[in-house]
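# Working through the structure, step by step
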Amino acid sequence: MLVTETEGEDAGDISNSDVCTKYREAAKIVNLALEGLVSQAKPGVKVIDLCKFGDNVITQKCSSIYQKKIKGRIIEKGVAFPTCASVNECVCHNCPLESDEHHSTLASGDMVKFDVGCYIDGYIAVAAHTLIVGDCSTPDKPITGPQADVLQAAHLASDIALKLLQPGNTNSQVTHAISKVADTFCVRPIVGVLSHQMKRFVIDGNKVILLREEVDQKVENQSFELNEVYSVDIAMSTGEGKPRENQARTTVFKRAVDKNYRLKMRASRYLFNEVNSKFPALPFSLRSLDDERQARMGVVECLKHELLHSYPVLHERAGDLVAHFRFTVLLLPSGPTRITGLPFTSNLSSDKTIDSELAALMALSTKKKKRKKKTKTSQDEIDH
């Protein structure tokens, strides 16, 4: 059952230490799942097994915490975004089903993007990480060329976005900086990617940061505020950065909470009732439902009447390289704090260099300096 924002803590208000703790606990589980996925990503491993592994880690870890009721209610927890593993030119949302006829496997040199999410009491932590399967790079033999450029650009843009997530700064400042990083490394930000403010049981809040501004895609200029929480989403491509759907089946969906319709098909009604019961607000995979085959039939009518939002599998052109990093940020009084995401350990060498503007942004600190307390002088003590 979905708990409303008026119950318990104020939703999304990380000035409440209990809320902040739940975000951090969810983040620990997300990072643990990512670490496990990275260690499992080897040549010959099935993509579907990796997705199942990520979800299982989150589910098992969630079952071991917050087991007792708090103020008479059960603390809901689990997968906030189904584990996806998108390979090479596949940009995002690749989450295979058991019933798929063909199951792809990883090969040495593949670029894999993992995307995971966890929630505790509705407070969400998400992350994405890119790695190269069988990466044997060293400082003496680093990754070079377009692969190094796209990875370096995505990683640098992530760092700069974090530094700019300061109260008073705006979303357009972040978009501009990301565009400049992409131009520097001769890559393109992916069209349509948004970083969202997150609130309790809300993974895609209305306050957003546009990764790439287009003539037909702009967002309102908004300022960041203290105690907000953001999912920062950075995706770069060596191609056009304009991904499209292909034959891959969409398997990740989210309930459209403002829509209702009396469904005709039995399979559709069964699916919709199960979604309302298990996933009333957050994304889910058809694989996580009781009857996968029935869900594949029922989802068609639900989509037709806009009861579900879809997360289609998107692809760049064959041969394009895509890097994706995503992390959760708390805007604390001490400064923006990244609580999810793994260190990037590949050795890269790019012939591209950043200019003074980007260098200045990289030099910014994310932590506020503590003010030293003034010590009273003898005269101060006399005056008081």
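Quick look at the structure, then. (Residues numbered from 1 in each chain as written. Predicted model: local features only at pLDDT ≥ 70, side-chain atom pairs only at ≥ 80, totals over all residues. Heavy atoms only, no water.)

## Regarding the sheet that holds strand 9 (residues 244-245)
Here we have 3 strands laid out as an open sheet, ordered 2-13-9, and antiparallel in their pairing. Here the strands that pair on one side only, and so sit at the sheet edges, are strand 2 (90-92) and strand 9. Relative to strand 13 (residues 314-315), strand 2 is paired through 2 bridges, and the arrangement is antiparallel. Within strand 13, the position partnered with Cys90 by the bridge is His315. (Pairing = 2+ DSSP bridges. Helix = DSSP H or I, 4+ residues; strand = E, 2+ residues; numbered from the N terminus.)

## Focus: the sheet that holds strand 10 (residues 252-255)
Reading across the sheet, the 3 strands line up as 11-10-12 and stay open at both edges, with antiparallel pairing between neighbours. Every interior strand has two partners, whereas the edge strands, strand 11 (284-285) and strand 12 (308-311), have only one. Bridge count between strand 10 and strand 11: 2 bridges; the pairing is antiparallel. Residue Val252 lies in a different strand from strand 11, and its bridge partner there is Ser285. Strands in contact with helix 6 (residues 292-304) are strand 10 and strand 12; relative to strand 12, the strand with the most contacts, it is inclined by about 110°. (Contact = heavy atoms within 4.5 Å. Axes fitted to C-alpha atoms, helices over the stretch in contact; angles between N-to-C directions.)

## Section: the pattern of salt bridges
Counted under the stated rule, the structure contains 22 salt bridges. One salt bridge in this structure joins Arg326 and Asp115, with 3.0 Å as the shortest N-O distance. Separated by 211 residues along the polypeptide, Arg326 in strand 14 (residues 322-332) and Asp115 in strand 3 (residues 111-120) bring together distant segments of the chain. For the pair formed by Arg326 and Asp115, the shared burial category is buried. Here Glu228 ties to Lys207 by a salt bridge, and the two come within 2.6 Å at their closest N and O atoms. Here the residue Glu228 occupies a position in the loop between strand 7 (208-210) and strand 8 (229-237), and Lys207 occupies one in the loop between strand 6 (194-197) and strand 7, the gap between them amounting to 21 residues. Per residue, the accessibility class of Glu228 equals that of Lys207, and both read buried. (Salt bridge = Lys/Arg side-chain N within 4 Å of Asp/Glu carboxyl O. Buried < 20%, exposed > 50% of the residue type's maximum accessible area, 1.4 Å probe, protein only.)

## A few points about the packing of aromatic side chains
If you walk through the whole model with that rule in mind, you get 7 aromatic pairs. Centre to centre, the rings of Phe224 and Tyr230 are 5.4 Å apart; their planes meet at 80°, and the pair counts as edge-to-face. On the basis of an interplanar angle of 90° and a centroid distance of 5.6 Å, the ring pair of Phe325 and Phe344 is categorised as edge-to-face. Placement of Phe325 in strand 14 and of Phe344 in the loop between strand 15 (335-338) and helix 7 (356-362) is noted, with a sequence separation of 19 residues between them. Across the pair, exposure class does not vary: Phe325 and Phe344 are buried alike. Of note, Arg326 hangs over the ring of Phe81, and the distance from its end group to the ring centre comes to 5.4 Å. The ring centre of Phe327 lies 4.5 Å from the NZ or CZ of Arg338, which sits over that ring. (Phe/Tyr/Trp six-rings, centres within 6.5 Å; stacked < 30°, edge-to-face > 60°. Lys NZ or Arg CZ within 6 Å of the ring centre and 35° of its normal.)

## A word on the packing of helix 5 (residues 266-278) against helix 6
Running from N to C, helix 5 and helix 6 point in directions that differ by 90°, and their axes come no closer than 7 Å. The angle between helix 5 and helix 6 places the two elements in the roughly perpendicular class. Facing helix 5, whose interface residues are Arg266, Ala267, Ser268, Tyr270, Leu271 and Phe272, helix 6 presents Gln294, Ala295, Met297, Gly298, Val299, Glu301 and Cys302. Its residues assigned to classes, the contact of helix 5 with helix 6 shows 8 nonpolar, 3 polar and 2 charged. (Parallel < 35°, antiparallel > 145°, perpendicular 65-115°, else oblique. Nonpolar A, V, L, I, M, F, W, Y, C, P; charged D, E, K, R; others polar.)

## Regarding the environment of Met362
Within the element layout of this structure, Met362 appears in helix 7. Met362 gets classed as partly exposed once you look at its relative accessible area, which sits at 27%. When the C-alpha positions of Met362 and Cys92 are compared, they lie 28 Å apart, and in sequence the two are 270 residues distant. Residue contacts for Met362: discarding those within four places in its chain leaves Leu156, Asp159, Ile160, Lys163 and Ile354.

## Describing empty space enclosed by the protein
Counted by the stated rule, this structure contains 1 cavity of 30 Å³ or more. Contributing to the lining of the largest cavity are Ala161, Val174, Ile178, Ser195, Ile209, Leu210, Leu211, Val232, Asp233 and Ile234. Among the secondary structure elements, those contributing two or more residues to the lining of the largest cavity are helix 4 (171-184), strand 7 and strand 8. When residues of the lining of the largest cavity are assigned to their parent elements, the largest contribution, 3 residues, is made by strand 8. (1 Å grid on protein atoms, 1.4 Å probe; cavity = no way out; pocket = protein on both sides within 12 Å on 5 of 7 lines; lining within 4 Å. Points joined across faces, edges and corners; volume = space filled by probe spheres on them.)

## Examining the packing of helix 1 (residues 17-40) against helix 2 (residues 47-63)
Helices that pack against each other are described as a pair by the angle of their axes relative to one another and the distance between those axes. For the pair helix 1 and helix 2, interaxial distance at closest approach is 9 Å and the crossing angle is 150°. The pairing of helix 1 with helix 2 is recorded here as roughly antiparallel in orientation. The element helix 1 and its partner helix 2 pack so that their crossing is right-handed. For the pair helix 1 and helix 2, the contacting residues are Ile29, Leu32, Ala33, Gly36, Leu37 and Gln40 in the first and Leu50, Phe53, Gly54, Val57, Ile58, Lys61 and Cys62 in the second. Partitioned by chemical class, the residues of the contact of helix 1 with helix 2 number 9 nonpolar, 3 polar and 1 charged. (Left-handed = near helix turned anticlockwise from the far one by under 90°.)

## Let's talk about the pairing of strand 14
When you tally the buried positions in strand 14, you get 11 out of 11 residues, the bulk of the element. Here strand 14 shows no split at all, with Val322, His324, Arg326, Thr328, Leu330 and Leu332 on one side and Ala323, Phe325, Phe327, Val329 and Leu331 on the other all buried. Pairing analysis gives 9 bridges linking strand 8 to strand 14, with the strands arranged antiparallel. Each residue of the ladder has a partner; that of Val232, found in strand 14, is Phe327. Sheet analysis places strand 14 next to strand 15, joined by 4 bridges and oriented antiparallel. Paired with Leu330 across the strands is Thr337, a residue of strand 15. Hairpin geometry of strand 14 and strand 15 is characterised by an intervening segment of 2 residues between the two adjacent antiparallel strands.

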